[in-house]
Amino acid sequence: MSFSTKKIINKPLYLSIMVNFAKLQKEFVSYDEEREKLIKKSRDVLKLSKLIIYAVHRDEMDKAAKLVEEIERERKELERIAEHSDKMVFEGSYKIAIQEYVEAILYYGYVKTGKLPELKGVSAEHFILGICDLPGELTRRAVYLAGKGDVSTIAKIRDLDDEIYGELLKFDFRDNEIRRKVDQVKYELRKMEDLLLDMKMKGR
């Protein structure tokens, strides 16, 4: 049995598309570089947020005020970095930093003035995530005030939690994370109600 073979000639393959891959690569590298800056600056904002809350818990309001000034500067820098690309605001580090920033500023503002301050330049989603965390810090403050027998202030905190929860119920949230956080607000409200009831039963 005989076989016939044909010589296979490999022809060079030429790309017929006009794509500037060098430019695409440059854009990817640029985004990664700015993303690293975003992550670092987000950590700075996150750290300051925790320091503000800690200072308020200790009634160190002068120290908290200075930290608020500092965090506003850092947040402006964070926003400047985020302007590099529309995708930046969806980075996890940015989202967490702004969420914690909202919580810290609201907590500081409420303890200082008895009212929640208005925040500008924050997206609705990030604001909701931040304000949902606020009742947790307010509960910690209420427990501290319970030791001093300050029923009236605790009642005001309970009323604020109730108002926040009532407003959030008006939304039709589809995001599971936000819905979980709204449930968390409800849980904190119940804790406040239980705390007030316990204090009244003890005659405080």
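Here goes a summary of the coordinates provided. Worth saying up front: this structure is predicted, and the values here are computed from it rather than measured.

1. Quick look at the packing of helix H5 (residues 151-168) against helix H6 (residues 176-201)
Interaxial distance between H5 and H6 falls to 9 Å at its minimum, and their mutual angle equals 155°. The angle between H5 and H6 places the two elements in the roughly antiparallel class. The two elements H5 and H6 meet at a crossing, and its hand is left-handed. Where H5 abuts H6, its residues Val151, Ile154, Ala155, Ile157, Arg158, Asp161, Asp162, Ile164, Tyr165 and Leu168 lie against Val182, Val185, Lys186, Glu188, Leu189, Met192, Glu193, Leu195, Leu196 and Met199. Taken together, the residues that form the contact of H5 with H6 break down as 14 nonpolar, no polar and 6 charged.

2. Remarks on the packing of aromatic side chains
Scanning the entire structure with this criterion turns up 1 aromatic pair. Centre to centre, the rings of Phe171 and Phe173 are 4.9 Å apart; their planes meet at 5°, and the pair counts as stacked. Since its relative accessible area comes to 46%, Phe171 is described here as partly exposed. For Phe173, a relative accessible area of 16% translates into the label buried. Lying over the aromatic face of Tyr31, Lys87 brings its terminal NZ or CZ to 4.2 Å of the ring centre.

3. Some thoughts on the environment of Lys23
On the secondary structure map, Lys23 appears in helix H1 (residues 21-57). Taking the relative accessible area as the measure of exposure, Lys23 reaches 51% and is therefore exposed.

4. Considerations on the side chain of Ser49
Along the chain, Ser49 turns up in helix H1. Residue classification places Ser49 among the buried residues on the basis of a relative accessible area of 0%. Engagement of the side chain of Ser49 in a polar contact is seen with the backbone oxygen of Val45, the distance being 2.9 Å. Of the polar contacts made by the side chain of Ser49, one reaches the backbone nitrogen of Tyr101; its length is 3.4 Å. If we skip the residues at most four places from it in the chain, Ser49 touches Ile71, Ala97, Glu100, Tyr101 and Ala104.

5. Focus on a nonpolar patch on the surface
Among the surface-exposed residues, Val19, Phe21, Leu24 and Phe28 lie close enough to one another that they form a single nonpolar patch of about 420 Å² accessible area. Inspection of the secondary structure assignment puts Leu24 in helix H1. Overall, the relative accessible area of 37% leaves Leu24 in the partly exposed class.

6. Regarding helix H2 (residues 61-82)
End to end, H2 covers 30 Å across 22 residues, agreeing with the expected 32 Å (1.5 Å per residue, within 8%). What H2 keeps buried is the set Ala64, Leu67, Val68, Ile71, Arg75, Leu78, Glu79, Ile81 and Ala82. The arc enclosing the buried residues of H2, seen along the axis, measures out at 135°, which places them on a common side. Exposed and oriented more than 90 degrees from the buried face of H2 are Asp62, Lys66, Glu69, Arg73 and Lys76.

7. A closer look at a negative patch on the surface
Together, Asp162, Glu163, Glu193 and Asp194 make up a negatively charged patch on the protein surface. Looking at where Glu163 falls in the secondary structure, it is placed in helix H5.

Parameters and conventions
- Going along each chain's sequence as written, the residues are numbered from 1 onward.
- Local features in this predicted model are restricted to residues whose pLDDT is 70 or higher, and side-chain atom pairs enter the listing and the counts only when it is 80 or higher, whereas totals over whole chains, interfaces and linings include all residues.
- Remark: hydrogens and water are excluded; side-chain values derive from all non-hydrogen atoms of the structure.
- For helices, the fitted line uses only the C-alpha atoms of the stretch in contact; every axis is such a line through C-alpha atoms, and the angle between N-to-C directions lies from 0 to 180 degrees.
- Only DSSP runs of H or I reaching four residues or more are called helices, and only runs of E reaching two or more are called strands; each is numbered from the N terminus.
- Relative orientations are named as follows: roughly parallel for angles under 35 degrees, roughly antiparallel for angles over 145 degrees, roughly perpendicular for angles from 65 to 115 degrees, and oblique for any other angle.
- Should the near helix be turned counterclockwise from the far one by less than a right angle, the crossing is left-handed, whereas a clockwise turn marks it as right-handed.
- Throughout, a residue-residue contact means that at least one pair of heavy atoms, one from each residue, lies within 4.5 Å.
- Side-chain classes follow a simple rule in which Ala, Val, Leu, Ile, Met, Phe, Trp, Tyr, Cys and Pro form the nonpolar group, Asp, Glu, Lys and Arg form the charged group, and the remainder, Gly included, forms the polar group.
- Working definition: rings of Phe, Tyr and Trp (its six-membered ring) pair if their centres are within 6.5 Å, and the pair is stacked with planes under 30 degrees apart, edge-to-face with planes over 60 apart, and tilted otherwise.
- Each residue is placed in one exposure class: buried if its accessible area under a 1.4 Å probe, protein chains only, is under 20% of its type's maximum, exposed if it is over 50%, and partly exposed if it falls in between.
- Counting as a charge over the ring demands two things of the Lys NZ or Arg CZ atom: a distance within 6 Å of the ring centre and an angle within 35 degrees of the ring normal.
- Within 3.5 Å is the distance limit for a polar contact, defined as a pair of N or O atoms, with the added protein rule that one can donate a hydrogen and the other accept it, and that residues adjacent in sequence qualify only through two side-chain atoms.
- A patch consists of residues exposed above 30% relative accessible area that lack any salt bridge, with like charges linked at up to 9 Å and nonpolar side chains (Val, Leu, Ile, Met, Phe, Trp, Tyr) linked at up to 5 Å.
- Note on areas: these come from Shrake-Rupley sampling with a 1.4 Å probe, and a residue is covered only by the protein chains present in the view.
- Criterion for a salt bridge: a side-chain nitrogen of Lys or Arg within 4 Å of a carboxyl oxygen of Asp or Glu.
- One less than the residue count of a helix, multiplied by 1.5 Å, gives the span that helix is expected to have.
- It is the directions from the helix axis to the C-beta atoms whose arc is reported.
- We count Lys and Arg on the positive side and Asp and Glu on the negative side, and we leave His and both chain ends out.
- The location of each charge is read from NZ of Lys, CZ of Arg, CG of Asp or CD of Glu.

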